[in-house]
Amino acid sequence: MTYQSSVDQVVADRAPTATEPILRVSGLTVTLGGSAILHGVTFDVAATGVTALLGRNGVGKTTTVKSVLGLHPIGGVVSFAGTDLSTLPTHRIARLGIGYVPEDRAVFAGLTVEENLRLAEPARAAPRYDFVYELFPVLRERARQPAGTLSGGEQQMLALGRVLLGPARLLLIDEPTKGLSPKYAGQVALALGRIAQQVPILLVEQNLAVVRRMARDAVVLDMGRVVHTGDARDLLADPSLTNRLLGVSAAPVHSTTAKPAPAAAPAADLEAGAW
Amino acid sequence: MVSTLILLSATGLGLAALYFLVASGLSLIFGLMDVLNFAHGAFVAVGGYAAWTVADHVAGGFGLGLALIAAVAGGAALAALTELFIIRPLYARPLDQVLATVGLGLAIPALLQAVWGADPRTWTLPGWLAGTVNLLGAHIPTVRFVLIAAALALLGGLRLLLARTRAGLVVRAGVENREMVAALGIDVHRAFTGVFALGGAAAGLAGLLDGLYQGSISPGDGTSLLIFAFVVVVLGRMGSLTGTAVASAAVGLVQQFANYLSPNLGDESVVILLAAVLLLRRRDLKGRPA
């Protein structure tokens, strides 16, 4: 069975059903350095596909993701497949199968690519190097190179490959295409699409072309509160809503001749150039 | 003239070896956990007294071997207990953590003084260690070579540990980004205790070797070594083993040569070296651009 057909099979098995959400966040509050960042954030992440966490800069998206991982002290309840995460230390949360790809990639710059991967090998399962190298062949080619010498796009691939070695049940991915050249952004988005067929993803992403292409659900934060939840495509199809909630015009690009609004220009590049 | 140069260099490197034994642990602890461990000098002192007490009861080379084990085990055990019961509950309160280590650094020498007295306790070296080695006309005490060999062995051992083992991988990654190591499902706190114990073992060994080097021990020995070790750690960049080794050699040599020019200039020259490097270096203590 080829990789693609096996993926198709997985997708067929997981066809849209009303299963329980994999992650439930309810009444999440976070106070950092004396100032309240999140004021009772509540949302669910579906057990399949991509849930996009959207919002302008500084509304608490990264804080939300880090709180799920136990990297901030929190109030409220975060439950993952029925397990309450709020009292667990970060490494135990990760061992439940939650993979984290942070905004700055956080690859270990002084370690080689190989060492970065070896560090991430799961304790109790066989590492899936075949899958990771098939997805990102560059990681095998650069195995002996310090991760700090990789380009931004390659570092992103390493950060993604790292969380795919183990049996991931949910991925938290923060701004994966940020700062990447259109070529790399396209490759990363393409890989994300394939990963999303296997693992549910909570995705923080400013690039609305990527969101439109992958996300089924959208959660929008503003000032530390959830201000919108619903179907991602419906949200992005409504210019007045995206403009109000995200501060950008994200009118769908119906044809290549349509002139995209300036704010959506990088997204248009991505769609035209990368796929 | 040549023999003076050689003697000064050997003395400087012997001292550098002691600084490295203390500073390597300090540097790894700060690099991994951001803990400034002011109790590290107390680990040295406890190692020194544990070794002396054992050697006082068991004579000769065999006694010295047992003393070595006592020094290393004593330093490691005290350090591990310190991490578990004093440092760990305070990770969310870094300032209190520093103050707690300062307190421990004062309390332990006082405790040692209460038990063994304030007067120096004399080491009697076994015959083969008590002599000197003739190197190009300079008579260099054998103990200095033992010190240098111990420091080189520690440097080599730590490098192997960091480069070749999974624990070393966790420590190197943790020095870069603790949160991310935890987010990969690794219990960094176990690495913290391990690094503390390792640093304590090296400090305990320094306590033994400092006693052999000076011919005696007193309760405040570790604390005076700690000051120079901190200078070394700052010069060598926190968390960098090679940097620590180079900085140890630099401080030891500068101190000895300056002392030769004029007594007391040694300590001042180290402070001047520290100030000059801090002023000229546009980087923070971990070597990142400031």
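Here goes a summary of the coordinates provided. (Residues numbered from 1 in each chain as written. Chains lettered and ligands numbered in written order. Predicted model: local features only at pLDDT ≥ 70, side-chain atom pairs only at ≥ 80, totals over all residues.)

1. Details of the overall build of chain A
(1) Moving on: A tally of regular secondary structure across chain A gives 12 helices and 10 strands.
(2) Moving on: Burial status across chain A gives 44% buried among its 275 residues.
(3) Moving on: By sequence separation, contacts in chain A at least 24 residues apart represent 67% of the contacts at least 6 residues apart. (Helix = DSSP H or I, 4+ residues; strand = E, 2+ residues; numbered from the N terminus. Buried ≥ 20, exposed ≤ 12 C-beta atoms within 10 Å, placed from the backbone. Contact = placed C-beta atoms within 7 Å.)

2. Quick look at the overall build of chain B
(1) Moving on: Per the secondary structure count, chain B includes 12 helices and 4 strands.
(2) Moving on: Taken over C-alpha atoms, the radius of gyration comes to 19 Å for chain B, in line with the 19 Å a tight globule of 290 residues would show.
(3) Moving on: C-alpha extents for chain B along the principal axes are approximately 60 × 45 × 35 Å.
(4) Moving on: Looking at chain B as a whole, 49% of its 290 residues are labelled buried. (Rg over C-alpha atoms; globule rule 2.2 N^0.38 Å.)

3. Quick word on helix α1 (residues 2-33) of chain B
Residues that lie three or four places apart on an α-helix share one face, since the helix turns once every 3.6 residues.
All names here are of chain B.
(1) Moving on: A rise of 1.5 Å per residue sets the reference length of α1, with its 32 residues, at 46 Å; its end C-alpha atoms lie 45 Å apart and thus fit the reference within 8%.
(2) Moving on: Its maximal kink placed at A23, α1 deviates by approximately 30°.
(3) Moving on: α1 sits mainly inside the fold: 25 of its 32 residues count as buried.
(4) Moving on: One or two steps after α1, the chain reaches D34, where phi turns positive at roughly 60°. (Expected span 1.5 Å × (residues − 1). Bend = angle between axes of the 7 residues up to and from the residue.)

4. Remarks on the interface of chain B and chain A
(1) Moving on: Between chain B and chain A, the residue contacts involve 14 residues of the former and 19 residues of the latter.
(2) Moving on: For the side of chain B that touches chain A, the secondary-structure elements that each account for two or more residues are α7 (166-176) and α8 (178-183) of chain B.
(3) Moving on: Per element, the largest residue contribution to the side of chain B that touches chain A is 5 residues, and it comes from α7(B).
(4) Moving on: Taken together, the residues of the side of chain B that touches chain A break down into 8 nonpolar, 2 polar and 4 charged. (Nonpolar A, V, L, I, M, F, W, Y, C, P; charged D, E, K, R; others polar.)

5. Observations concerning the environment of A:S26
Residue and element names in this part refer to chain A.
(1) Moving on: For S26, the position within the fold is in strand β1 (residues 23-32).
(2) Moving on: For S26, a count of 13 C-beta atoms within 10 Å corresponds to the partly exposed category.
(3) Moving on: With residues up to four places along the chain from it excluded, the contact list for S26 reads T42, G76 and V77.

6. A few points about the sheet that holds strand β3 (residues 50-54) of chain A
Residue and element names in this part refer to chain A.
(1) Moving on: Ordered by their spatial adjacency, 6 strands build an open sheet running β6-β7-β8-β3-β9-β10, and the pairing between neighbours is mixed. Of all the strands in the sheet, just β6 (98-101) and β10 (225-231) have a single pairing partner and so form its edges. Averaged over neighbouring strand pairs, the angle between their axes works out to 15° when direction is ignored.
(2) Moving on: Here 4 bridges tie β6 to strand β7 (residues 170-174), and the two strands are oriented parallel to one another. Opposite G99, over in β7, you have L171 as the bridge partner. (Pairing = 2+ DSSP bridges. Axes fitted to C-alpha atoms, helices over the stretch in contact; angles between N-to-C directions.)

7. Things to note about the sheet that holds strand β2 (residues 35-45) of chain A
In any sheet, the strands associate via hydrogen bonds between backbone groups, in a parallel or an antiparallel arrangement.
All names here are of chain A.
(1) Moving on: Read across the sheet, 4 strands follow the order β2-β1-β4-β5 without closing on themselves; strand pairing throughout is antiparallel. The open sheet has two free edges, formed respectively by β2 and β5 (83-84), since each of these has just one partner strand.
(2) Moving on: Sheet topology places β1 next to β2; 8 bridges connect them, and they run antiparallel. The residue of β2 that forms the bridge with V25 is F43.

8. Quick word on the nonpolar core
All names here are of chain B.
(1) Moving on: Judged by nonpolar contacts, the single largest core of 174 residues is most densely connected at L18, Y19, L21, V22 and A229.
(2) Moving on: The biggest single contributor to this core is α1, with 18 residues.
(3) Moving on: Each residue touching A229, except ones within four places of it in the same chain, is listed here: Y19, V22, A23 and L26. (Core = buried A, V, L, I, M, F, W, Y, C linked by C-beta atoms within 7 Å.)

9. A short note on the pairing of β1(A)
Residues and elements named next belong to chain A.
(1) Moving on: The turn linking β1 back onto β2 is made up of 2 residues, and G33 within it adopts a positive phi angle of 55°.
(2) Moving on: Taken together, the 5 bridges between β1 and strand β4 (residues 75-80) define a ladder with antiparallel strand orientation. Paired with S26 across the strands is V77, a residue of β4.

10. Some details on unusual backbone geometry
Residues and elements named next belong to chain A.
(1) Moving on: Phi is positive for A81, which is not a glycine, with a value near 50°.
(2) Moving on: Relative to the assigned elements, A81 resides in the loop between β4 and β5.
(3) Moving on: The class for A81 is partly exposed, based on 15 C-beta atoms found within 10 Å.
(4) Moving on: Phi at R105 takes a positive value of approximately 65°, unusual for a residue other than glycine.
(5) Moving on: Along the chain, R105 turns up in the loop between β6 and α4 (113-119).

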